[in-house]
Amino acid sequence: MKTIEPCTLVIFGAGGNLSRLKLIPALFSLEKAGRLPEWLVFLACNIEKRSRDSWIDDVRKIVMPLQSNGHGMDVIERFLARWHYHANTPGDATAYLQLQQMIEQDETFPPNAVYYMAVRPADVQGIIEKLGEAGLLKQRNGWRRVVIEKPFGYDLLSAQTLQASLYRHLDEPQIFRIDHYLGKGTVRNVMVFRFANILLEPLWNHHYIDHVQITHSETIGIEGRADYYDGAGALRDMIQSHLLQLLALVAMEPPVSMSAEHLRDEKVKVLQAIRPITQKSVNAHAFRGQYSSGTVHGKAVPGYLEEKGIPEGSSTETYAALKLFIDNWRWSGVPFYLRTGKRMADASSAICIRFKNPPQDLLRHTRTGPQRPNWIMLGIQPHDTMKMEMQVKVPGLDLHTRTMSLDATYRKGEEQSVDAYEGLLLDVMLGDQSLFLRIDEVEAAWRVVDPVIKVWAMERGFITPYAAGTAGPRGTYRLFDRDDQFWRQSLNLDGADLQPY
Ligand code: BG6
């Protein structure tokens, strides 16, 4: 186990949702697991002026319910004692100077520093600029790292502009572009599944695979994030980042090693091999929808346009689906279908791989119903499962077949799943960039979605509504190449039934 060097973790936007819901609980889990070094200090930065004690009271409220059996108050007290507070009030010209004095002169704070940008994307550049001007990014007496949340820019050009401004103060090894999906245990398992087993590798190509479906559906709406979400939409929010990363893990070649550079070299090659969607072909490759009011798990919910803070007549998509092709030897001609939606019937993320039918249909006379293909499915959440569907003989005198699901949950009863942020925060403090995005990956992902974004921005009228609590908008069948291809609606046996609409 690598050990973390003493460091100061500065969280900008410490009072915001990301920090309260994800970062503080993840840090507390690391504390409980004994993974934090003794000299590790958290510095919460937020715009309001308040005392250290009142901030610690807030943190206490967040972590008290997370205390588990066997961990006494001493763990909580040790965790709370690490926290300090700094008011970073807009317009206060001395705020960064004070920060600099704290970090560089006050011996409470270890000289190595991580600056976590848990702020609105629009604020990132300004903060880094100020940190740079105050000399807080110079690696004089220790290392300095910056963590930036997605979305990195809002299209290719803005991502490049943002990057150019970061390079004025930072080198690539200092920049940790986080995509929390890569920290999920089940997503990391895709790599283990592919590269620690030989069984499937000979089949993992266009000779045997018919198509790949990658789905992330949510029952939640925009959760009060109108400000961010209406400018982003589902394509930028989920597909440009999380779903394209999943595609890259499924489709990449085995890397030379599991080192950060080797892994990212292979992911970027796949992303760069995605056939560009021309503006003319956007409608054949992309579909968007927006939820209207409906019922989710028995509860009536408002439509997107009725959500607080959404401008009247907004054409932002809350559902997006893409058909992509990877133009390389392995994947030639295999469609990859990606979809995501908010306020859908179920919350589930999965990768479903459908295999081709055997070259001869020898059982066509004795079988009832159509030929059933093999599927391999990797459930990411809520259940971490691996399923494989195969055909077997129905017991009895006749040669009838049916589909059987080989079903494995790879977490054993007593094993706990860990939140994605726990591992990622550890990696930042350890300086391991394997699960963070390199700039060329981000650029390649923007190149994939940019033409769609452009056309959707121009054709604002063509957005298909879907009632909240359903499987999404009708009409997505037009993305599929053949009549016998359609979304799997679940990982259960009945989920393979085609339900185009
Ligand atoms: C975030 C998106 O990156 O991922 C959210 O901004 C989305 O809109 C979330 O809800 C989904 O992640 P998870 O881990 O909750 O499945």
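As a starting point, this report considers the structure included with it. What you see is a predicted model; the values in this text were computed from it and never measured.

Our next topic: the overall build of the chain. The number of helices and strands found in the chain is 12 helices and 18 strands. By the compact-globule yardstick of 23 Å for 501 residues, the chain fits well, its C-alpha radius of gyration being 24 Å. The buried share among the 501 residues of the chain stands at 53%. The contacts in the chain between residues at least 6 apart in sequence include a share of 76% that link residues at least 24 apart. When the accessible surface of the chain is summed, it comes to about 22,800 Å², and 55% of that surface belongs to carbon and sulfur atoms. One finds the centroid of the 57 positive side-chain charges in the chain at a distance of 3 Å from the centroid of its 59 negative side-chain charges.

This brings us to the pairing of strand β2 (residues 40–46). In terms of residue burial, β2 counts as a mostly covered element, since 7 of its 7 residues are buried. In terms of strand pairing, strand β1 (residues 7–12) meets β2 through 6 bridges, oriented parallel. Among the inter-strand pairings, Val10 is bridged to a residue of β2, identified as Leu43. Running through helix α1 (residues 17–32), the crossover from β1 to the neighbouring parallel element β2 is right-handed. Looking at chain direction, β2 and strand β3 (residues 83–87) are connected through 5 bridges and run parallel. Note that in β3 the partner of Asn46 across the bridge is Ala87.

Here we come to the sheet that holds β1. The mixed open sheet is built from 7 strands, whose spatial order is β3-β2-β1-β4-β5-β6-β17. Either end of the sheet is taken by a strand with one partner, and the two such strands are β3 and β17 (436–437).

Most of strand β11 (residues 319–325) sits out of view: 7 of its 7 residues are buried. With burial as the criterion, each face of β11 is covered, one bearing Tyr319, Ala321, Lys323 and Phe325 and the other bearing Ala320, Leu322 and Leu324. In this sheet, β11 lies alongside strand β8 (residues 286–292) in antiparallel orientation, the contact comprising 4 bridges. Within β11, the position partnered with Gly289 by the bridge is Tyr319. Bridge count for β11 against strand β12 (residues 335–341) is 7 bridges, and the pairing is antiparallel. Looking at β12, one finds that Ala321 is bridged to Arg339.

Let us now look at the packing of aromatic side chains. If you walk through the whole model with that rule in mind, you get 21 aromatic pairs. Aromatic ring contacts, followed pair by pair, group Phe28, Phe42, Trp55, Phe79, Trp83 and Tyr85 into a single cluster. Above the plane of the ring of Trp143 lies Arg145, whose end atom (NZ or CZ) is 3.6 Å from the centre. Sitting over the face of the ring of Trp375, Arg488 holds its NZ or CZ atom 4.9 Å from the ring centroid.

This next bit is on a nonpolar patch on the surface. A contiguous nonpolar patch, built from Leu362, Leu363 and Leu399 and spanning about 280 Å² of accessible area, is present on the exposed surface. Mapped onto the elements of the fold, Leu362 is located in the loop between β13 (348–355) and β14 (375–381). Owing to a relative accessible area of 65%, Leu362 belongs among the exposed residues under this scheme.

Procedures and definitions
- Residues numbered from 1 in each chain as written.
- Predicted model: local features only at pLDDT ≥ 70, side-chain atom pairs only at ≥ 80, totals over all residues.
- Heavy atoms only, no water.
- Helix = DSSP H or I, 4+ residues; strand = E, 2+ residues; numbered from the N terminus.
- Rg over C-alpha atoms; globule rule 2.2 N^0.38 Å.
- Buried < 20%, exposed > 50% of the residue type's maximum accessible area, 1.4 Å probe, protein only.
- Contact = heavy atoms within 4.5 Å.
- Areas by Shrake-Rupley, 256 points an atom, 1.4 Å probe, with all protein chains shown as cover.
- Lys, Arg positive; Asp, Glu negative; His and termini not counted.
- Charge placed at Lys NZ, Arg CZ, Asp CG, Glu CD.
- Pairing = 2+ DSSP bridges.
- Right-handed = clockwise from strand over helix to strand, strands pointing away.
- Phe/Tyr/Trp six-rings, centres within 6.5 Å; stacked < 30°, edge-to-face > 60°.
- Lys NZ or Arg CZ within 6 Å of the ring centre and 35° of its normal.
- Patch = residues over 30% accessible without salt bridge, like charges linked within 9 Å, V, L, I, M, F, W, Y side chains within 5 Å.
- Salt bridge = Lys/Arg side-chain N within 4 Å of Asp/Glu carboxyl O.

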